[in-house]
Amino acid sequence: HSFIGTGQEATGFSSILREEWMNWDLAVKHYQKLFGTDRVLVLPLELLMRDEDTYIDLLSKFTGIEISLQLKSPKSNPKRSASTLGLHRLFNHFIRQNTLQQRHHKFSYRFVRKMIHWFDRCTPGMIKGAAERKLQKQVQDRYEGCFAKSNQRLESLTGLDLRSLGYEMPSV
């Protein structure tokens, strides 16, 4: 729970993934204030995943640059399963990696990365699925209802139909 938390943490013990960091309307409003509404374009990742052509067309029109891309390609770096992420978090307690140093990774760090890769490949789908469902339920329980008002404000700022993209919105 330390990553997403429960929402009931004592003062000074908040989770790593803090709710207020995901109120995107605040960032968009700030950028629009700094640069002007006509100089800020918000394109949700969901649109890119659903309709690459529309996404590229909107980006092209906004920038005034002709963009001709064929983005359709297979995943080259698929996400780790929830069970593997849990194992990785355990190892993080024992092996620290300083990303600021420009030297080769320590043997122990490379060894753990190989073990985690092996674990991810060998874990049965049933276990991966159960861990994924458990994590999704944790996220849903923790954040359900938290972003509806922010999403409504974001929709107003951007003109995007966020409900159609699966964003949580206030009840009508």
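Residues numbered from 1 in each chain as written. Predicted model: local features only at pLDDT ≥ 70, side-chain atom pairs only at ≥ 80, totals over all residues. Heavy atoms only, no water.

K.L.:
Would you mind going over the overall build of the protein chain with me for this structure?
P.N.:
If you tally the helices and strands in the protein chain, you get seven helices and zero strands. Counting from the amino terminus, helix and strand elements in the protein chain follow one another as α-α-α-α-α-α-α. When burial is assessed residue by residue, the protein chain has 22% of its 172 residues classed as buried. In the protein chain, the proportion of contacts linking residues at least 24 apart, taken out of those at least 6 apart, comes to 51%. Carbon and sulfur atoms make up 57% of the accessible area of the protein chain, which totals about 13,700 Å². (Helix = DSSP H or I, 4+ residues; strand = E, 2+ residues; numbered from the N terminus. Buried < 20%, exposed > 50% of the residue type's maximum accessible area, 1.4 Å probe, protein only. Contact = heavy atoms within 4.5 Å. Areas by Shrake-Rupley, 256 points an atom, 1.4 Å probe, with all protein chains shown as cover.)

K.L.:
Sorry if this is basic, but what is going on with the environment of Leu59 here?
P.N.:
Residue placement: Leu59 occurs in helix H3 (residues 52–63). A C-alpha to C-alpha distance of 8.1 Å links Leu59 and Leu43, two positions 16 residues apart in sequence. Setting aside residues up to four positions removed in sequence, Leu59 forms contacts with Leu41, Leu43 and Ile67.

K.L.:
Hey, could you run me through the environment of Glu66 in this one?
P.N.:
Along the polypeptide, Glu66 turns up in the loop between H3 and helix H4 (82–92). Among the residues examined, Glu66 registers a relative accessible area of 71% and is labelled exposed. C-alpha of Glu66 to C-alpha of Ile56: the two residues are 10 residues apart in sequence and 9.4 Å apart in space.

K.L.:
Hey, could you run me through the side chain of Thr123 in this one?
P.N.:
Examined against the element boundaries, Thr123 turns out to sit in the loop between helix H5 (107–122) and helix H6 (125–143). Assessed through its relative accessible area of 9%, Thr123 is described here as buried. Side-chain polar atoms of Thr123 contact the backbone oxygen of Phe119, separated by 2.5 Å. Contacts of Thr123, omitting those with residues within four sequence positions, involve Ser83 and Lys128. (Polar contact = N/O pair within 3.5 Å; in protein donor to acceptor, adjacent residues only side chain to side chain.)

K.L.:
Help me understand the nonpolar core, please; the structure alone is not making it clear to me.
P.N.:
By size, the foremost hydrophobic cluster in this structure holds six residues: Val28, Leu154, Leu160, Leu162, Leu165 and Met169. Sequence-distant contacts of Leu162, that is, excluding residues within four places in its chain, are made with Asn151, Leu154, Glu155, Tyr167 and Met169. (Core = buried A, V, L, I, M, F, W, Y, C linked by side-chain atoms within 4.5 Å.)

K.L.:
Before we go on, may I ask you to explain the packing of helix H1 (residues 24–35) against helix H7 (residues 148–158) in this structure?
P.N.:
A pair of packed helices can be characterised by two numbers: the angle between their axes and the separation between those axes. Interhelical geometry of H1 versus H7 gives an angle of 30° and a closest axis separation of 8 Å. By the angle class used here, H1 and H7 are roughly parallel. As for the relative orientation of H1 and H7, their crossing is left-handed in sense. Across the interface between the two elements, Trp24, Asp25, Val28, Lys29 and Gln32 of H1 pack against Ser150, Arg153, Leu154, Leu157 and Thr158 of H7. (Axes fitted to C-alpha atoms, helices over the stretch in contact; angles between N-to-C directions. Parallel < 35°, antiparallel > 145°, perpendicular 65-115°, else oblique. Left-handed = near helix turned anticlockwise from the far one by under 90°.)

K.L.:
Can you walk me through the packing of H4 against H5 in this structure?
P.N.:
Look at H4 against H5: their axes get within 9 Å of each other, and the N-to-C directions meet at 160°. When the axis of H4 is compared with that of H5, the two are roughly antiparallel. Seen from above, H4 lies across H5 with right-handed handedness. Residues Ser83, Thr84, Leu87, His88 and Phe91 of H4 form the contact with H5, whose own contacting residues are Val112, Met115, Ile116, Phe119 and Asp120. Taken together, the residues of the contact of H4 with H5 sort by class into six nonpolar, three polar and one charged. (Nonpolar A, V, L, I, M, F, W, Y, C, P; charged D, E, K, R; others polar.)

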